[in-house]
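An overview of the molecular structure
One letter stands for each residue in the lines below.
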Amino acid sequence: MNLPGMHLDAVLRPERLPALAPDVTVLDVRYATGRTDGRERYLDGHVPGAVFVDLEADLCDPVGDGTRGRHPLPSVDRFESAMGRAGVRNDRGVVVYDDWDGSAATRAWWLLTYHGHRDVKVLDGGWRGHLDAGGATETGDVVPGPGDFTADPGHLPVVDAEGAARVAREGVLIDVREPRRYRGEVEPIDPVAGHIPGAVNIPYQVNLGPPREEHRDFRIFDDLGTHLHLGGVRVEDEVAVYCGSGVTATHIVFALHRLGKTAALYPGSWSEWVSDPDRPVETGGATPPALERWGRTP
């Protein structure tokens, strides 16, 4: 599934970062499920000049009553203020990275792109890829000058619960969680197990290549297109994507973007879906055998 509008430059190889660094804003989105020490790890070492962005505080709204899921999209004002503090400018490119598996970085990519920034790249391999490439490091905090980024939402599609159910009937609704969670065999985080009726399972790890040193790069185009095709995604389909809370789903939205295919994000995802007991839940189902092995983490 390689389309004419492929975004070949959406992924930045770490070897190219030093040459670009003087002309871009680098954001360190240090986050992983179940950890709260992102800032501490950033202070211990980061890409020179990188500014720390807190996923929970800057890239999400407060959870509130839970009816918007575990990681609600931030309000326009919250996001614009956070990007201003991070020094993001309208006329300056942005490079984002994390030290997880790219999911926090693709959440930042999605939000910046959704709010109208036209030049956002994700660092291939993240922090560990940077280190393995021999990249320079520095410690301590970076406090940039204020940015002037103006958030203009609506540049990428989103769906709500009703829209996700419609896409499941009429197009392809992708559940990116690991196969056991999709089938409802386990549910380590949310109160109800299973998936949205009609959704297909494509674990988000299909967007990652095999391990290299201590990191995983984004998958090359031909392999990525093959894996998404095996999951049932066709060029002509309307596609929407969800996960547990709207973070790892951005990994597959980003994968499809690289291939030239625009997919909608269901931001509330499974945690929002199951907050209403009247919404139907489906269990069982099959993940394509070629994709089953990629989904190993919750």
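In the block above lies the structure referred to throughout.
Residues numbered from 1 in each chain as written. Predicted model: local features only at pLDDT ≥ 70, side-chain atom pairs only at ≥ 80, totals over all residues. Heavy atoms only, no water.

1. Some words on the overall build of the protein
As a reminder of what qualifies: Elements are defined by DSSP. Helices are runs of H or I of four residues or more, strands are runs of E of two residues or more, and each kind is numbered from the N terminus. Think of it in three bands: with a 1.4 Å probe and only protein chains considered, a residue is buried below 20% of the maximum accessible area for its type, exposed above 50%, and partly exposed in between. All accessible-area figures derive from a Shrake-Rupley calculation using a 1.4 Å probe, and residue coverage is judged against the displayed protein chains alone.
Within the protein one finds twelve helices and eleven strands. By residue count, 55% of the 298 residues in the protein fall in the buried class. When the accessible surface of the protein is split by element, carbon and sulfur atoms take 50% of a total near 12500 Å².

2. With respect to unusual backbone geometry
Note: most peptide bonds trans; most residues except glycine with negative phi. Positive phi values are uncommon outside glycine, yet Ser269 reaches one of about 55°. When you line up the elements, Ser269 lands in helix 11 (residues 269-273). On the basis of relative accessibility, which here comes to 0%, the residue Ser269 falls in the buried class.

3. Notes on helix 7 (residues 161-170)
Structural remark: α-helix, 3.6 residues per turn; residues separated by three or four positions point the same way. Basically, it comes down to this: Any pair of residues with heavy atoms lying within 4.5 Å of one another is described as a contacting pair. Counting of polar contacts relies on pairs of N or O atoms within 3.5 Å, with two restrictions inside protein: one atom must be capable of donating a hydrogen and the other of accepting it, and residues adjacent in sequence are counted only when both atoms are side-chain atoms.
Every buried residue of helix 7 is listed here: Ala161, Gly163, Ala164, Ala165, Val167 and Ala168. Buried residues belonging to helix 7 abut strand 6 (172-175), strand 10 (239-242) and helix 11. One side-chain oxygen at the N-terminal end of helix 7 lies 3.3 Å from the backbone nitrogen of Glu162; it belongs to Asp160.

4. Overview of the pairing of strand 2 (residues 24-28)
To keep things clear, this is the line we draw: Strand pairing requires that DSSP identify at least two bridges connecting the strands.
The element strand 2 is largely enclosed, with a buried count of five among its five residues. Both faces of strand 2 are covered, namely the face carrying Val24, Val26 and Asp28 and the face carrying Thr25 and Leu27. Where strand 2 lies against strand 4 (residues 93-97), five bridges are found, and the strand directions are parallel. Bridged to Thr25 within strand 4 is Val94.

5. Considering the nonpolar core
The cut-off we apply is this: Buried Ala, Val, Leu, Ile, Met, Phe, Trp, Tyr and Cys residues that are joined via side-chain atoms within 4.5 Å together make up what is termed a nonpolar core.
Leu27, Met83, Val96, Leu112 and Ile174 are the most contacted members of the largest nonpolar core, which has 56 residues in total. Elements supplying a minimum of two residues to this core: strand 3 (51-52), helix 4 (76-85), strand 4, helix 5 (103-114), strand 5 (120-123), strand 6, strand 10 and helix 10 (249-258). The dominant element in this core, judged by the number of residues it contributes, is helix 5, at eight residues. Those residues within four positions of Val96 in sequence are excluded, and the remaining contacts are Leu27, Ala105, Ala108, Trp109, Leu112, Val120, Lys121, Val122 and Leu123. Of all hydrophobic cores here, the second largest spans 17 residues; its members include Val167, Ala199, Trp273 and Val274.

6. Considerations on the packing of helix 5 against helix 10
For any two helices packed against each other, one specifies the crossing angle of their axes together with the interaxial distance. Condition: Helix axes are fitted to C-alpha atoms over the stretch in contact, other axes to C-alpha atoms as well, and angles between N-to-C directions run from 0 to 180 degrees. Two helices that cross are described as forming a left-handed crossing if the nearer one is turned anticlockwise from the farther one by less than a right angle, and a right-handed crossing if clockwise. In this classification, the charged set is Asp, Glu, Lys and Arg, the nonpolar set is Ala, Val, Leu, Ile, Met, Phe, Trp, Tyr, Cys and Pro, and all remaining amino acids, among them Gly, are polar.
Packing of helix 5 against helix 10 brings their axes to within 8 Å, and their N-to-C directions diverge by 65°. As for how helix 5 packs across helix 10, the hand of that crossing is left-handed. Taken together, the residues of helix 10 that come into contact with helix 5 (itself represented by Ser103, Thr106, Arg107, Trp109 and Trp110) are Thr250, His251, Val253, Phe254 and His257. Residues that form the contact of helix 5 with helix 10 fall into these classes: four nonpolar, five polar and one charged.

7. Focus on the pattern of salt bridges
Put simply, the test is: The working definition used for a salt bridge is a side-chain nitrogen of Lys or Arg within 4 Å of a carboxyl oxygen of Asp or Glu.
What the rule picks out here adds up to 23 salt bridges. The closest approach of N and O atoms between Lys121 and Asp119, which form a salt bridge, is 3.6 Å. Residue Lys121 is classed as buried on the basis of its relative accessible area of 12%. Linking Arg166 and Glu170 is a salt bridge whose minimum nitrogen-to-oxygen distance equals 3.2 Å.

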